[in-house]
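So the chains spell out like this:
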Amino acid sequence: DLTVKGVGDFDRDGIADLVTQAADGTVVIATLNKTFTSTELVVVTQQSGMTVAEVTDLRRQMRQAGAGYKVAKNRLTRRALEGTRFQGISDLFKGPTAVAYSTDPVAAAKVAVDFAKTNDKLEIVGGAMGEVLLDDRMPQAQRYHFAPALGSGGGSDRAVTPMVNPRSDAATRH
């Protein structure tokens, strides 16, 4: 980790994001595409108003769980999703988004859900485990199978709702 004068703390991923965002986008697209082809789970978040310290803390928690967290321009992320099994989530990239990802089918979702429970600036928009969408549009029969990844127990109706927003009214429905 290091401090950039006038900007704040950045971990290695944060610096990489800054450097690659300055290019024409091809490096970002290639890097993200490689991430999407080698991962099992992608969680899309919106982090409006998060401080550099909060994002750094989230990245640290992701890294400790064997997951990653990247902020990239939506247009570049949508292009990076093309041709991957995650291209079905491209419509989730609107506004200030970032992606959490992991090869472990639970790690990124668990860290994101836990972090969002204590920080109202992070909202979980949705995600995918391969071609299977993880959001409130998922059929009830599939929700039970993905409940551990979504941070809730059992096969309740709320198994997938925390992916959308763990603090919403929907997340508290039984």
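The structure this text deals with has already been given above.
Everything in this summary refers to the structure shown in the same document.

### Some details on the overall build of the chain
Scanning the chain for helices and strands turns up seven helices and seven strands. Walking the chain from its N terminus toward its C terminus, one meets helices and strands in the order β-β-α-α-β-α-β-α-β-α-β-β-α-α. Residues classed as buried in the chain amount to 46% of the 174 residues present. Here the contacts in the chain between residues at least 6 apart in sequence split such that 71% fall between residues at least 24 apart. Accessible surface, the chain as shown: approximately 8600 Å² in total, 53% of it carbon and sulfur.

### A closer look at the nonpolar core
In terms of nonpolar packing, the biggest core is built from 22 residues, with Leu41, Val43, Leu58, Met62, Tyr69, Ala108 and Leu122 touching the most fellow members. Secondary-structure elements contributing two or more residues to this core are strand S3 (41-46), helix H3 (52-64), strand S4 (67-71), strand S5 (97-102), helix H5 (107-118) and strand S6 (123-129). One finds Val44, Ala80, Phe93 and Val99 within the second-largest nonpolar core, a separate group that totals 17 residues.

### Things to note about helix H4 (residues 74-81)
Among the residues of H4, Asn74, Leu76, Thr77, Ala80 and Leu81 are the ones counted as buried. Down the axis of H4, the buried set is contained in an arc of 160°. They therefore lie on one face. In this fold, the buried residues of H4 make contact with helix H2 (26-37) and S5. Positive backbone phi, approximately 80°, marks Gly83, located one or two places after H4.

### Examining the sheet that holds S5
Here five strands make up an open sheet; going across it, the order is S4-S5-S3-S6-S7 and the pairing antiparallel. The sheet terminates laterally at S4 and strand S7 (132-133), the two strands that pair on one side only. The pairing of S3 with S5 spans six bridges and is classified as antiparallel. Each residue of the ladder has a partner; that of Val42, found in S5, is Tyr101.

### A few points about the pattern of salt bridges
Considering all chains together, one arrives at four salt bridges under this definition. Across the pair Asp114 and Lys110 runs a salt bridge, and its minimum N-O distance is 2.9 Å. Here the residue Asp114 and the residue Lys110 both occupy positions in helix H5, the gap between them amounting to four residues, near one helical turn.

### Concerning the packing of aromatic side chains
The final tally for this structure, using the stated rule, is one aromatic pair. Seen from their ring centres, Phe36 and Phe86 are 6.4 Å apart, and the 50° between their planes marks the pair as tilted. With Phe36 in helix H2 and Phe86 in the loop between H4 and S5, this pair connects stretches of sequence that are 50 residues apart. Among the residues examined, Phe36 registers a relative accessible area of 0% and is labelled buried. Looking at Phe86, the relative accessible area reads 0%, which means it is buried.

Calculation rules
- Residues numbered from 1 in each chain as written.
- Predicted model: local features only at pLDDT ≥ 70, side-chain atom pairs only at ≥ 80, totals over all residues.
- Heavy atoms only, no water.
- Helix = DSSP H or I, 4+ residues; strand = E, 2+ residues; numbered from the N terminus.
- Buried < 20%, exposed > 50% of the residue type's maximum accessible area, 1.4 Å probe, protein only.
- Contact = heavy atoms within 4.5 Å.
- Areas by Shrake-Rupley, 256 points an atom, 1.4 Å probe, with all protein chains shown as cover.
- Core = buried A, V, L, I, M, F, W, Y, C linked by side-chain atoms within 4.5 Å.
- Arc of directions from axis to C-beta.
- Pairing = 2+ DSSP bridges.
- Salt bridge = Lys/Arg side-chain N within 4 Å of Asp/Glu carboxyl O.
- Phe/Tyr/Trp six-rings, centres within 6.5 Å; stacked < 30°, edge-to-face > 60°.

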